[in-house]
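Spelled out, the chains give:
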Amino acid sequence: MLNDLKNAFRKPNNALTQIIIINVIGWVAINLIYVISPSFFKTFSKFLFVSGSLTELMFHPWTVLTYAFSHHDLLHIVFNMLTLYWFGMLVSEYLNSKRLISLYVLGALAGAVSYILIYNFFPGAKTGMGGTMLGASGAVFAVVVGAATLMPNYSFHLIFIGPVRIKYIAALLVLLSVFQLRGMNAGGQVAHLGGALMGYLFVISLNRGTDLGGWIHYIIDGFTGLFRKKSKMKVTYRSKVAANAGTNYANANRNSANAGNGTPDQAEIDAILDKISESGYESLSKEEKQQLFNASKKEK
């Protein structure tokens, strides 16, 4: 299992799976801590869930992002991850894996900012908001609306309904959040709408040539670069005589091969072709390229 997780994070262009794995691991950890020690859970949650209190936020500023990888209820994470998977596949395929990450992060930040602003500057809206917020819904709504803005006429085949264009699915989810602003989870609905707005702006900006998530790519590349293995450069020294001797020997072999129109046998050609299929033509040495050239002349 650990090897599967390592492979998922080593595999390039696999952001969607990686985001889902992080969310699932977070859900497992949060529920284990809650079961083992409910009292410690209250303290622990302050380091993950975003608070509407500016004082709490000042001491835990990272929670504007970590809350989007935190879930407690099973149905909450199941709905969010399924929705993320369906719409995230489209964003990842048509925009690339990096932009899926930046859209998710920007959606999470937009959801947190929306929640904090409403909580502090509209006191009448605090009813039903609670003191803290968790869940990936804001980020997921950004991905949903982003995908619908990018490809509005793309269709999902829904059970018992048939093909439905994703622009209608996204519109329905946004409307449901608007209708529930006075419900028990008003804070979550505000985050949904903030994330949805970010998803729309993200794609519109891309169409106009501006990538709102460029700074996120820069940070991720810098962070991953710290853990990337650097190839060790080997320096060898040869005397001038030895170098000239090697060059003369290679030239003599090349000249003799050209003069005699020497060609490699089929086994050597097969080995060269296998090398091209694995690493490309540029991976061949000069001698191997010459052998391939001689073989092609023989075929003619």
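How each quantity is defined
Residues numbered from 1 in each chain as written. Predicted model: local features only at pLDDT ≥ 70, side-chain atom pairs only at ≥ 80, totals over all residues. Heavy atoms only, no water. Helix = DSSP H or I, 4+ residues; strand = E, 2+ residues; numbered from the N terminus. Buried < 20%, exposed > 50% of the residue type's maximum accessible area, 1.4 Å probe, protein only. Contact = heavy atoms within 4.5 Å. Areas by Shrake-Rupley, 256 points an atom, 1.4 Å probe, with all protein chains shown as cover. Axes fitted to C-alpha atoms, helices over the stretch in contact; angles between N-to-C directions. Parallel < 35°, antiparallel > 145°, perpendicular 65-115°, else oblique. Left-handed = near helix turned anticlockwise from the far one by under 90°. Nonpolar A, V, L, I, M, F, W, Y, C, P; charged D, E, K, R; others polar. Phe/Tyr/Trp six-rings, centres within 6.5 Å; stacked < 30°, edge-to-face > 60°. pLDDT = per-residue confidence, 0-100. Patch = residues over 30% accessible without salt bridge, like charges linked within 9 Å, V, L, I, M, F, W, Y side chains within 5 Å. Salt bridge = Lys/Arg side-chain N within 4 Å of Asp/Glu carboxyl O. Core = buried A, V, L, I, M, F, W, Y, C linked by side-chain atoms within 4.5 Å. Expected span 1.5 Å × (residues − 1). Arc of directions from axis to C-beta. Pairing = 2+ DSSP bridges.

Participant: Now, about the overall build of the protein chain: what can you tell me, with residues and values included?
Facilitator: Across its full length, the protein chain carries 14 helices and four strands. Burial status across the protein chain gives 35% buried among its 300 residues. Here the contacts in the protein chain between residues at least 6 apart in sequence split such that 64% fall between residues at least 24 apart. Roughly 19,000 Å² of accessible area belongs to the protein chain as shown, and the carbon and sulfur atoms make up 64% of that amount.

Participant: Could you give me a rundown of the packing of helix α7 (residues 97–121) against helix α10 (residues 186–207), with the residues and numbers involved?
Facilitator: Put simply, α7 and α10 touch, their axes get as near as 7 Å, and they point 135° apart. With respect to α10, the element α7 is oriented oblique. Crossing handedness for the pair α7 and α10: right-handed. Along its contact with α7, which presents Arg99, Ser102, Leu103, Leu106, Gly107, Ala110, Gly111, Ser114, Tyr115 and Ile118, the element α10 presents Gly187, Val190, Ala191, Gly194, Gly195, Met198, Gly199, Phe202 and Leu206. Across the contact of α7 with α10, the residue classes tally to ten nonpolar, eight polar and one charged.

Participant: Tell me about the packing of aromatic side chains, residues and numbers included.
Facilitator: Scanning all chains against the criterion turns up eight aromatic pairs. Pairing Tyr34 with Phe41 gives two aromatic rings, centres 5.1 Å apart and planes at 80°, and the pair type is edge-to-face. Classification of Tyr34 by relative accessible area gives partly exposed; the value is 39%. Under the relative-accessibility criterion, Phe41 is labelled buried at 9%. On the numbers, 5.3 Å between centres and 45° between planes, the contact of Phe69 with Tyr104 is tilted. Of this pair, Phe69 sits in the loop between α5 (63–66) and α6 (74–95) while Tyr104 sits in helix α7, placing them 35 residues apart in sequence. Classification of Phe69 as buried rests on a relative accessible area of 19%. Each residue in the set Tyr34, Phe41 and Phe49 is aromatic and connected to the rest through ring pairs, giving one cluster.

Participant: Give me the confidence of the model for the protein chain: which residues, what numbers.
Facilitator: Taken as a whole, the protein chain shows an average pLDDT of 82; of its residues, 78% reach a score of 70 or greater. In this model, residues 238–243 is a region of pLDDT below 50 whose contacts with residues beyond four sequence positions or in other chains number one contact. Low pLDDT, under 50, characterises residues 245–260; the stretch is placed with five contacts to residues that sit more than four places away or in other chains.

Participant: Can you tell me about a nonpolar patch on the surface, naming the residues and giving the values?
Facilitator: Together, Val24, Val28, Leu32, Tyr34, Val35 and Ile36 make up an exposed nonpolar region whose accessible area comes to about 580 Å². Mapping Val24 onto the fold places it in helix α2 (residues 15–36).

Participant: Give a detailed account of the nonpolar core, specifying residues and quantitative values.
Facilitator: Grouped together as the largest cluster of nonpolar side chains are 51 residues, with contacts concentrated most on Leu84, Phe87 and Tyr104. Contributions of two or more residues to this core are made by α2, α6, α7, α8 (137–150), α9 (166–179) and α10. Per-element tally for this core: the top contributor is α7, with eleven residues.

Participant: I'd love a proper account of α9, names of residues and values included.
Facilitator: For α9, spanning 14 residues, the distance from its first C-alpha to its last is 20 Å, which sits close to the expected 20 Å at 1.5 Å a residue. Those residues of α9 that fall on the buried side of the exposure criterion are Ile166, Ile169, Ala170, Leu173 and Ser177. Considered in projection along α9, the buried side chains sweep an arc of 95° and stay on one side of the axis. In α9, the exposed residues that point more than 90 degrees away from the buried face are Leu172 and Phe179. If you follow the buried residues of α9, they end up packed against α6, α8, β3 (155–158), β4 (162–165) and α10.

Participant: How would you sum up the pairing of β4? Please name residues and give values.
Facilitator: As defined by bridge partners, β3 adjoins β4 across four bridges and the pair is classed as antiparallel. The partner of Leu158 across the bridge, within β4, is Gly162. The loop that links β3 with its antiparallel partner β4 comprises three residues; one of these, Phe160, has a positive phi angle of about 70°.

Participant: Which residues make up the packing of α2 against helix α3 (residues 38–45), and what values do they have?
Facilitator: Put simply, α2 and α3 touch, their axes get as near as 6 Å, and they point 140° apart. Considering their axes alone, α2 and α3 lie oblique with respect to each other. Taken together, the residues of α3 that come into contact with α2 (itself represented by Ile30, Ile33, Tyr34, Val35 and Ile36) are Pro38, Phe40, Phe41 and Phe44. Tallied by class, residues from the contact of α2 with α3 come to nine nonpolar, no polar and no charged.

Participant: Before we move on, could you go through the pattern of salt bridges and cite the residues and values that matter?
Facilitator: Close approach of charged atoms allows side chains with opposite charge to pair. Per the stated rule, a full pass over the model turns up two salt bridges. For Asp221, the salt bridge is made with Lys98, and the minimal N-O distance between the two is 3.0 Å. Of this pair, Asp221 sits in helix α11 (residues 214–225) while Lys98 sits in helix α7, placing them 123 residues apart in sequence. A relative accessible area of 35% places Asp221 in the partly exposed class. The salt bridge partner of Arg99 is Asp211, with a shortest N-O separation of 3.2 Å. A residue pair is termed long-range when its members are at least 10 positions apart, and Arg99 in helix α7 and Asp211 in the loop between α10 and α11 qualify at 112 residues. Judged by its relative accessible area of 24%, Arg99 is partly exposed.

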